[in-house]
Amino acid sequence: MNAIGLRKILKKFDKRFGYRFTNYYVKTRANHPYSQLRQVFRHVGIGAVVGAISRNLADLQDHQGNYVSIYDQPALSHPDPIVHSIKAAVNKLSNSTNFLEFLGKHAFIMQDDLRSPSEDDVAEQRYHFMSLLLNLVNTFLYMVNTYIIVPTADDYSLSLGAAATVCGVVIGSMAVAQVFSSVYFSAWSNRSYLRPLVFSSIVLLIGNTLYALAYDLNSIVVLLVGRLFCGLGSARAVNRRYISDCVPHKLRMRASAGFVSASALGMACGPALACLFQTDFKIYKLTFNQETLPGWIMAISWLIYLLWLSISFREPPQEIKQDIIPQEVRAGTVVNYAVENGITQPLLLNTQPKQGENGDQEYDDGEEESCEKTRKPVTSIVSAYRLLTPSVKVQLLVYFMLKYAMEILLAEASVITAYYFIWSTNSVAIFLACLGLTVLPVNIIVGTYISNMFEERQVLLASEIMVLIGILLSFHIGIPYSVPQYVGSALITFVSAEVLEGVNLSLLSRVMSSRLSRGTYNGGLLSTEAGTLARVVADGTITLSGYFGVAKLLNATLVPSLFICISSIIATCFTYNSLY
């Protein structure tokens, strides 16, 4: 109660000051020897409270132990959820870090508030630092693999006799395959983490090799098949599940922030590496130039990663589910079984029996199963969709919009800049790399300052409006199109979309059902599917717009972005009061 009360008082100070005073207060006083704040963190007192509550609950359930003092059994392996909430209140206050929390939410690894300490102990046993590092490296390499071809995709298409705008299909084919791979990798991670990562590495090795060989084979089909293979190797669902299931709660926010940082770094490094491939030579019949080298380099990278994975990854032990009540347990012993096996129930159950038809005492099945239903993961995409409230659907629409706008900007950059400004591959690569490098600084500013001064829903709406302004400034109407106009509008669109992504996922994690925090069809999978679908539609739009000619490509691709952005703003305004 003291911890919760103190948090509420500090929250009021934050609102009055317009600055996150909580961070300063906790950091300067948590370890000071004369600070009264340390009394809140006295774990001996917390342990006494836990022991007292646990003992009295056991007495009320006719399970009085033989211990004399509450200190003989200060901690239980399966404590009551109210006891768990006491500890959580202290942890939330003592681990008050703003930027890590904001950055970690980009990964959209939903936190399970009902996770018990026994499950945390299981996560401690399953955690392995090198395995976590390998998951983060997988994330980094995949993002590099996605964006390393963007500066040269149009030139590669022209080399194979296709139009430059076919680069939309070349880039988007990877996202098309990822729509399906995310589902089966998420399901596969229920049974194993090593095998899907090995499979992913092999498929990506094959895909990049095919992508590089397409030049000498003079086949656009081989090029597209190679990119499809790369999409089929997307193991981001496995990376998320490993962090969610195998990283202890105290480290999960840092691991989530690492996941986002690895993605951002890969997004920036991909185009930057394209600058280094300005060469042209042959070894036997294989050509190595700026079009094929991204494929060869990534194939070698995945081969090295596969060897490292085989040597260093440790498969975590399978999690044993202990929270399912067997059908053979009689109704009269349901409560006792629940207490002994740690099923999350609020203090004491309503265990008043009712008379059955044959005179026996029965218990309401709803009381017996209500908590299990609230924690049971969904089993299909249809069931997951039914759990989505109108506010969640709006947040997913906003996520679709920002991913669509970003993909249009990045995927057509090489074609647009070559047509209007005659930029070289190096210039495009440097431009895209600079955009990618803004991700972490922008999140530092938003997570440390902007989120302290404004409510998240206000930042959400303002970011959507800024994305709209960036799109409007990108149109080519009347006056000659200039480099400052293009770069300025692209920077506004990209940075605003980055701010919008963090705030949107933060709000989405609050309004999404807790049943989507685990299982195959989890919240992370839904957000991934929404973002991947946006990329597919955006890349398809670029290719279809190419039929109108390169001169009309820019405006033709911006019109759908403008329409989707306006629709998301209207939807956000209608659900403004339901976002919290």
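Residues numbered from 1 in each chain as written. Predicted model: local features only at pLDDT ≥ 70, side-chain atom pairs only at ≥ 80, totals over all residues. Heavy atoms only, no water.

Going by the annotation in an unreviewed UniProt entry, the name recorded for the protein chain is SPX domain-containing protein, with Gossypium harknessii given as the source organism. Looking at the protein chain in UniProt, the text filed under Subcellular location (unreviewed entry) is "Membrane". (UniProt positions renumbered as here; feature names shortened; annotations may be inferred.)

A. Representation of the confidence of the model for the protein chain within the structure. Averaged over the protein chain, the pLDDT score is 78; the fraction of residues at 70 or greater is 71%. Every residue in residues 73-78 scores below 50 in pLDDT, and together they form twelve contacts with partners more than four places removed in sequence or on other chains. Low pLDDT, under 50, characterises residues 320-346; the stretch is placed with 36 contacts to residues that sit more than four places away or in other chains. (pLDDT = per-residue confidence, 0-100. Contact = heavy atoms within 4.5 Å.)

B. Region of the structure containing the packing of helix H13 (residues 249-274) against helix H20 (residues 425-437). The geometry of H13 relative to H20 is characterised by a closest axis approach of 8 Å and an angle of 165 degrees between their N-to-C directions. As summarised for this structure, H13 and H20 are arranged roughly antiparallel, according to the angle between their axes. Seen from above, H13 lies across H20 with left-handed handedness. Residue-level contacts link Ala264, Ala268, Pro271, Ala272 and Ala274 of H13 to Ala429, Leu432, Ala433, Gly436 and Leu437 of H20. Taken together, the residues of the contact of H13 with H20 break down into nine nonpolar, one polar and no charged. (Axes fitted to C-alpha atoms, helices over the stretch in contact; angles between N-to-C directions. Helix = DSSP H or I, 4+ residues; strand = E, 2+ residues; numbered from the N terminus. Parallel < 35°, antiparallel > 145°, perpendicular 65-115°, else oblique. Left-handed = near helix turned anticlockwise from the far one by under 90°. Nonpolar A, V, L, I, M, F, W, Y, C, P; charged D, E, K, R; others polar.)

C. Representation of a nonpolar patch on the surface within the structure. On the surface, Ile465, Met466, Ile469 and Leu473 cluster together into a nonpolar patch covering about 300 Å² of accessible area. Note that Met466 resides in helix H22 (residues 456-474). For Met466, a relative accessible area of 35% corresponds to the partly exposed category. (Patch = residues over 30% accessible without salt bridge, like charges linked within 9 Å, V, L, I, M, F, W, Y side chains within 5 Å. Areas by Shrake-Rupley, 256 points an atom, 1.4 Å probe, with all protein chains shown as cover. Salt bridge = Lys/Arg side-chain N within 4 Å of Asp/Glu carboxyl O. Buried < 20%, exposed > 50% of the residue type's maximum accessible area, 1.4 Å probe, protein only.)

D. Just the pattern of salt bridges, in detail. The full count for this structure, using the stated rule, is three salt bridges. Between Asp245 and Arg241 there is a salt bridge whose closest N-O contact spans 3.1 Å. Separated by four residues within a single helix, Asp245 and Arg241 lie in helix H12 (residues 236-246), roughly one turn from each other. The shortest N-O distance in the salt bridge between Glu501 and Lys403 comes to 3.5 Å. With Glu501 in helix H23 (residues 483-511) and Lys403 in helix H18 (residues 390-411), the pair connects residues that are 98 residues apart, well separated along the chain.

E. Quick peek at the packing of aromatic side chains. All told, the structure shown has 22 aromatic pairs when counted by the stated rule. With a centroid separation of 6.1 Å and 50 degrees between ring planes, the pair formed by Phe185 and Phe199 is classed as tilted. Taken as a pair, Phe185 in helix H9 (residues 167-188) and Phe199 in helix H10 (residues 194-217) lie far apart in primary sequence, 14 residues in all. For the ring pair Tyr193 and Tyr242, a centre distance of 5.5 Å and an interplane angle of 90 degrees mean the geometry is edge-to-face. You can see Tyr193 sitting in the loop between H9 and H10 and its partner Tyr242 sitting in helix H12, a full 49 residues away along the chain. The rings of Tyr419, Tyr420, Phe421, Trp423, Phe431, Tyr481 and Tyr486 are connected pair by pair, giving a single aromatic cluster. (Phe/Tyr/Trp six-rings, centres within 6.5 Å; stacked < 30°, edge-to-face > 60°.)

F. Fine view of the packing of H18 against helix H25 (residues 553-574). Orientation of H18 relative to H25, taken along the N-to-C sense of each, is 155 degrees, at an axis distance of 9 Å. By the angle between their directions, the pair H18 and H25 is classed as roughly antiparallel. Here H18 and H25 pass one another in a crossing that is left-handed. Residues Val394, Leu397, Val398, Phe400, Met401, Tyr404, Ala405 and Ile408 of H18 touch H25, and the partners they reach there are Thr557, Pro560, Ser561, Ile564, Cys565, Ser567, Ser568, Ala571 and Thr572. Looking at the contact of H18 with H25 residue by residue, the class counts come to twelve nonpolar, five polar and no charged.

G. Geometry of the side chain of Ser189. Take Ser189: it is sitting in the loop between H9 and H10. There is a polar contact of 2.7 Å between the side chain of Ser189 and the backbone oxygen of Ser186. Discounting chain neighbours no more than four positions away, the residues touching Ser189 are Val238 and Arg241. (Polar contact = N/O pair within 3.5 Å; in protein donor to acceptor, adjacent residues only side chain to side chain.)

H. Summary view of the side chain of Glu407. Within the secondary structure, Glu407 is located in helix H18. The exposure class of Glu407 is buried, given its relative accessible area of 4%. Setting aside chain neighbours within four positions, we find Glu407 in contact with Tyr147, Ile171, Glu412, Arg535, Ala538 and Asp539.

I. Highlighting H25. In a regular helix each residue adds 1.5 Å, so 22 residues correspond to 32 Å; H25 covers 33 Å between its end C-alpha atoms and thus fits that length. Taken together, the buried positions of H25 are occupied by Leu553, Leu554, Thr557, Leu558, Ser561, Leu562, Ile564, Cys565, Ser568, Ile569, Ala571 and Thr572. Contacts from the buried residues of H25 go to H18, helix H19 (413-420), H22 and helix H24 (523-545). (Expected span 1.5 Å × (residues − 1).)

J. Expanded view of unusual backbone geometry. One non-glycine residue, Asn218, lies in positive phi territory at about 50 degrees. With respect to the secondary-structure elements, Asn218 resides in the loop between H10 and helix H11 (220-232). Even without a glycine there, the phi angle at Tyr284 is positive, about 60 degrees. Following the sequence through the fold, Tyr284 ends up in the loop between strand S1 (281-283) and strand S2 (286-288). Residue Tyr284 is classed as exposed on the basis of its relative accessible area of 81%.

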